[in-house]
Amino acid sequence: MTQPASPGVEGAIHAAAAEPSETGFDTRLYARFPTQGGRPAGEFEALEKTWETPTGWRALSAVNNNFIGFLFIATAFGFFIAAGILSLVMRVQLAAPLAGVVPQETYNQLFTMHGSVMMFLFAVPAVEAIAVLLLPQMLAARDLPFPRLSAYSYWAYAIGGVVFFGSVLFSLAPSGGWFMYPPLSSGVYAKGINADFWLLGIGFIEISAIAGAIELIVGVLRTRAPGMTLAKMPVYAWAILIFGVMIILAFPAMIMVTFLLELERAFNWPLFDATRGGDPLLYQHLFWFFGHPDVYIIFIPASAMVSTMVVTVAQKKLVGHELVVLAMIATGFISFGVWAHHMFTVGMPDLAAGYFSAASMAVAVPAGAQVFAWICTLASGRVQRNVPSLFLVGGILIFVMGGLSGVMVGMVAFDGQAHDTYFVVAHFHYVLIGGMLFPLFAGFYYWTPMINGRQLSERLGRWVFWLSFVGVHVCFLPMHLTGLMGMPRRVNTYLPDRAWDLPNLISTVGAFIMAAGALLFLIDAVRCYVRGGSGGNARNAFHGGTLEWLSAGSYGVRSIPVVNDLEPLWADPQLANDAQAGRYFLPNTATGQRETLVTSPSRAEPQYVQIMPGPSWWPLLSALFTAGFFLLLTVKAMTLSAVCGVLTVICLMRWVWSNDRHLPPPQSQVDAGASILLPTYVAGPQAHGWWAAVLLDIVLGTIFLMAMFGYLYLYAAHPDWWLLKAPRGALVPGLLLLGASAGLAYAARPLMARLKRGSGASAVLMGLSAACLAAALAVDVLDWWRAGLRGDASGQGATVYAMLAWHGSVVAAVVLAAFFYGLRWMRGLAPRPANKTQEALRLLFIYAALEGAVGLLLPRLLP
């Protein structure tokens, strides 16, 4: 017998009945929740034991999202403080004309590292870290779908970031600006390993960001609470979905451009050398195709934090919820068409300049829609006067000021005057501080009771806000003036007769006021977290309505509720008590292992119970050896780098070895709550791993698309350097081998399902597919080499071999994957009729064959 359904669940039943089921799940079963009566004795203790976070030195093996997310946030904030200290040294240098606080080369390293650390080690990682911590709680999931991937992403970021930042302490930091434009960053003008530290370090950190983005996308689409359809999904979850998609589309450009510049520096391939058929503007196009969307990658999750907190602060649902979601989607879409507004002064055609100018102003429209939604929500609600509300209102004001100056620099004529002056410095600091930093501080004050069960100090928080708010304006408002007066960026000194003395002194004072606010916050945070809290139980101090306030320990939520409202805790005041009492899905550990509920992408209907991996040392070791591989390449220690590469592969294989597990009956199907039976294993498009494999293929495809763009751009810009007629000898054998590779990989799945010994046949086909792929690559490379094409001779050779080099890395991954799958088959871990490992690898193999075919045809057919 069950308790009568709560109003929220009744609404869910009626809403579900109005639409056909997405998966065949009978949504009328939601009526069984919340269940009645107490739970079996010891159930709660078993759940806590299963999800217990290791202590002591074993804590380094933890993979819980709340533990990793907290470390992620703390590390990102540490890099923020470190980059802020660099900026203070710069401001002291500029406080007076002809100051000699630091030498010119040191100053160049300081501003390069300040920008690089703020953008690559703080801004993007900070919003990603908050998502790792907050998203599962907001979706009422036990954890993100790939906990070890989150741990790897963090450790790769932390290890790579510390080593990268440490380069400034040994005068090994780059000095070419955070964008590292060639030819200033090429081997001719940037000798030594300083630039290599930047290139390999940033590339490594970008890989970490992409890994996290894949995790977050799959988390949003596949681990939402039952009933949380896309229409009922929180704004923050929408933002993280958009954020993840933007990362996997934008960051590949950064990976490719650092790859190309490192190839030029290492092998003298003239990719950006205009004297040999390259073009430095190719670097700018690729860099800013990443760089400008990166601003909105930072802004969109922060704006969703504002939308979430504004609702609670005003105690009123967000005005124009659907409009805000559409505005975030529009912002993400338009941001990919704005990159060249950073290049108005390079001499682009008038038509292109007009288009990018219009797009630069158009992107302000959806951002403005969000601002109006926030203002309307605050104006129509009963605003709580607290520190989060101060940072929210202050951040909106600062962001609007930065947005207005952004529209100004989006106009070509004005940009010609303000470009590379301190006006631009003032503009982007106003945008980033108002659009990301202030919302971040508001979030710290708002969600600390969720993390720690205690609040940060309201009294100290008001001091932090006013010091920060006043400091921002004192520091950056005068920079508009110094920029319009002609002071260029990235200069370490200036003459005393330029009237820049007073504005620069005022800016320096403002920087130290901001620093005082950051220091006071740091003291308060240490005081709050070192003293401990209420054992991880969330305290809904501000009466929020979203599900993160159900958080109750390392397992996230005691039971996963049925959702039927954007603010479920407001719609059903009893929901929190029922969830904590175990009256919804997964009130226990059904298999004795860590579990979460996987739901359908659109309507969030329960599909299966995912068995989650527990603590492991392999993500940490994989990240450590990956960092060693990249960093030893920097210092040209090739043997040790190769050893680290081999150890990385071994650790990665050992990490994923136990992920694809079939549980024997009766655990192949378990009671997920209220006698609802769900499987513990599925393969194919229903499996969350299949979605991650598709996203990985999209990332690889986007990276290769950037390489193709480089080839076409250099041909269009310098056709006179395309002197060698493309050989055609590899076309027929290469295409036959690639077609065979794709066909063999495609046939592996049905063959495994139909034959009695299909597992072995599938492993053989996968191995043959990889062999055909490697043979096709060899045929392609030999064809160009015999034709006399050399990478260091022209832009044609450089781009062709760059595409082959990237494709070679994909082929190497495929060969290793085939070896891994063969090992699993030999150990009896590739069961029929289907398994998730084979499904994911099959997609990779088919993609690699398609990439090889495009790489084979493009340079032979064009020109």
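Per chain, residue numbering runs from 1 following the sequence as it is written. The predicted nature of this model means local features are confined to residues of pLDDT at least 70 and side-chain atom pairs, given and counted, to a pLDDT of 80 or more, with totals for whole chains, interfaces and linings taken over all residues. Water and hydrogen atoms were dropped before computing side-chain values, which therefore reflect all heavy atoms in the structure.

1. With respect to the nonpolar core
Argument step 1. Only buried residues count toward a nonpolar core, which is a set of Ala, Val, Leu, Ile, Met, Phe, Trp, Tyr and Cys residues joined through side-chain atoms within 4.5 Å. We call a residue buried when its accessible area falls under 20% of the maximum for its residue type, exposed when it is over 50%, and partly exposed in between, using a 1.4 Å probe and counting protein chains only. By size, the foremost hydrophobic cluster in this structure holds 266 residues, and its most contacted members are Phe 122, Trp 198 and Phe 845.
Argument step 2. To qualify as a helix, a DSSP run of H or I must reach at least 4 residues; to qualify as a strand, a run of E must reach at least 2; elements of each kind are numbered from the N terminus. Looking at this core element by element, the count peaks at 23 residues for helix α4 (residues 104–139).
Argument step 3. Among residues more than four places away in sequence, those in contact with Trp 198 are Ser 116, Phe 120, Phe 164, Pro 174, Trp 178, Phe 179, Met 180, Met 254, Thr 258, Tyr 283 and Phe 287.
Argument step 4. Counting residues in hydrophobic clusters, the runner-up holds five residues, among them Leu 47, Trp 51, Tyr 555 and Met 612. Any two residues whose heavy atoms approach within 4.5 Å at even a single point are treated as in contact.

2. Observations concerning unusual backbone geometry
Of all residues except glycine, most have a negative phi; of all peptide bonds, most are trans.
Argument step 1. With an omega of 5°, the peptide bond between Pro 182 and Pro 183 qualifies as cis.
Argument step 2. Of note, Pro 183 is situated in the loop between α5 (147–166) and α6 (194–222).
Argument step 3. Cis geometry marks the peptide bond from Pro 665 to Pro 666; its omega dihedral reads 5°.
Argument step 4. As for its placement among the helices and strands, Pro 666 is situated in the loop between α20 (638–657) and β3 (669–671).
Argument step 5. Although it is not a glycine, Leu 98 adopts a positive phi angle of roughly 55°.

3. Comments concerning the packing of aromatic side chains
Argument step 1. Aromatic pairs are defined between Phe, Tyr and Trp rings, using the six-membered ring for Trp, whenever the two ring centres lie within 6.5 Å; interplanar angles under 30 degrees are classed as stacked, those over 60 as edge-to-face, and all others as tilted. Tallying each qualifying case throughout the model produces 63 aromatic pairs.
Argument step 2. Judged by centre distance (5.4 Å) and plane angle (65°), the ring pair of Phe 72 and Tyr 154 falls under edge-to-face. With Phe 72 in helix α3 (residues 65–94) and Tyr 154 in helix α5, this residue pair connects regions lying 82 residues apart in the sequence. In this structure, Phe 72 and Tyr 154 share a single accessibility class: buried.
Argument step 3. With centroids separated by 4.8 Å and ring planes inclined at 80°, the aromatic side chains of Tyr 446 and Trp 447 adopt a geometry described as edge-to-face.
Argument step 4. With relative accessibility at 0%, the residue Tyr 446 sits in the buried group.

4. A closer look at the packing of helix α12 (residues 387–409) against helix α15 (residues 458–484)
Argument step 1. Viewed as axis vectors pointing N to C, α12 and α15 meet at an angle of 10°, and their least axial separation amounts to 9 Å. The angle between the axes of α12 and α15 places the two elements in the roughly parallel class. Between α12 and α15, the contacting residues are Val 387, Pro 388, Leu 390, Phe 391, Gly 394, Leu 397, Ile 398, Met 401 and Ser 405 on the first element and Glu 458, Gly 461, Arg 462, Val 464, Phe 465, Phe 469, Val 472, His 473, Leu 477 and His 480 on the second.
Argument step 2. Think of it as three bins: nonpolar holds Ala, Val, Leu, Ile, Met, Phe, Trp, Tyr, Cys and Pro, charged holds Asp, Glu, Lys and Arg, and polar takes everything else, Gly as well. For the contact of α12 with α15, a count of residues per class yields twelve nonpolar, five polar and two charged. For helices, the fitted line uses only the C-alpha atoms of the stretch in contact; every axis is such a line through C-alpha atoms, and the angle between N-to-C directions lies from 0 to 180 degrees. By the definition adopted for this analysis, an angle is roughly parallel if under 35 degrees, roughly antiparallel if over 145, roughly perpendicular if from 65 to 115, and oblique otherwise.

5. Some thoughts on the confidence of the model for the chain
Argument step 1. In this model, the chain carries an average pLDDT of 92, and 97% of its residues clear a pLDDT of 70 or more.
Argument step 2. The predictor attaches a confidence to each residue, and that confidence, scored 0 to 100, is pLDDT. When the elements of the chain are averaged for pLDDT, helix α1 (residues 7–17) gives the smallest value, 48, and α15 the largest, 97.
Argument step 3. Below pLDDT 50 for its whole length, residues 1–9 participates in 20 contacts with residues either more than four positions away or in separate chains.

6. Observations concerning a nonpolar patch on the surface
Argument step 1. Candidates for patches are residues over 30% relative accessible area with no salt bridge; among them, like charges are joined within 9 Å and nonpolar side chains (Val, Leu, Ile, Met, Phe, Trp, Tyr) within 5 Å. To measure how exposed things are, a 1.4 Å probe is used in the Shrake-Rupley method; for residues, cover is taken only from the protein chains shown. The term salt bridge refers to a side-chain nitrogen of Lys or Arg lying within 4 Å of a carboxyl oxygen of Asp or Glu. A surface patch of nonpolar side chains, about 450 Å² in accessible area, is lined by Leu 519, Leu 522, Ile 523, Val 526 and Val 530.
Argument step 2. Within the fold, Leu 522 resides in helix α16 (residues 501–530).

7. Quick word on the packing of α4 against α5
Argument step 1. Closest axis-to-axis distance for the α4/α5 pair is 12 Å, and the angle between their directions is 165°. As judged from the angle between their axes, α4 and α5 are roughly antiparallel. For the crossing formed where α4 meets α5, the hand is left-handed. Here α4 contributes Met 113, Ser 116, Val 117, Leu 121, Pro 125 and Glu 128 to the contact with α5, which in turn contributes Ser 153, Tyr 157, Gly 161, Phe 164 and Phe 165.
Argument step 2. The residue inventory of the contact of α4 with α5, partitioned by class, reads seven nonpolar, three polar and one charged. Should the near helix be turned anticlockwise from the far one by less than a right angle, the crossing is left-handed, and should it be turned clockwise, the crossing is right-handed.

8. A short note on the environment of Leu 351
Argument step 1. Tracing the sequence through the fold places Leu 351 in helix α10 (residues 350–362).
Argument step 2. Given a relative accessible area of 75%, Leu 351 falls into the exposed group.

9. Here's the deal with the pattern of salt bridges
Argument step 1. Using the criterion set out here, one finds 19 salt bridges in the structure.
Argument step 2. Put simply, Arg 489 and Asp 420 hold a salt bridge, and the shortest N to O gap is 3.8 Å. Here Arg 489 is found in the loop between α15 and α16, whereas its partner Asp 420 is found in the loop between α13 (412–418) and α14 (422–452), with 69 residues between them in sequence.
Argument step 3. Residue classification places Arg 489 among the buried residues on the basis of a relative accessible area of 17%.
Argument step 4. Across the salt bridge formed by Arg 860 and Asp 780, the nearest N and O atoms sit 2.9 Å from each other. Pair noted here: Arg 860 is in helix α25 (residues 836–861) and Asp 780 is in helix α23 (residues 758–786), with a separation of 80 residues, a long-range link.
Argument step 5. Overall, Arg 860 belongs to the buried group, its relative accessible area being 0%.
Argument step 6. Among the charged side chains, a salt-bridge network with shared partners connects Arg 39, Glu 43 and Arg 558.

10. Considerations on the pairing of strand β1 (residues 595–599)
Argument step 1. With five of its five residues buried, β1 lies for the most part within the structure.
Argument step 2. Of the strand pairs in this sheet, β1 and strand β2 (residues 606–611) are connected by five bridges, and their pairing is antiparallel. The residue of β2 that forms the bridge with Glu 595 is Ile 611. Only strands joined by at least two bridges in the DSSP assignment are considered to pair.

11. Focus: the side chain of Asp 524
Argument step 1. Note that Asp 524 resides in helix α16.
Argument step 2. Under the relative-accessibility criterion, Asp 524 is labelled buried at 0%.
Argument step 3. Those residues in contact with Asp 524 that lie beyond four places of it in its chain are Tyr 445, Leu 456, Ser 457 and Leu 460.

12. A closer look at α4
Argument step 1. Across its 36 residues, α4 extends 50 Å between first and last C-alpha, which sits within 8% of the 52 Å expected from 1.5 Å per residue.
Argument step 2. Across the 36 residues of α4, 33 count as buried, placing the element largely inside the fold. Expected helix span is computed as 1.5 Å times (number of residues minus one).

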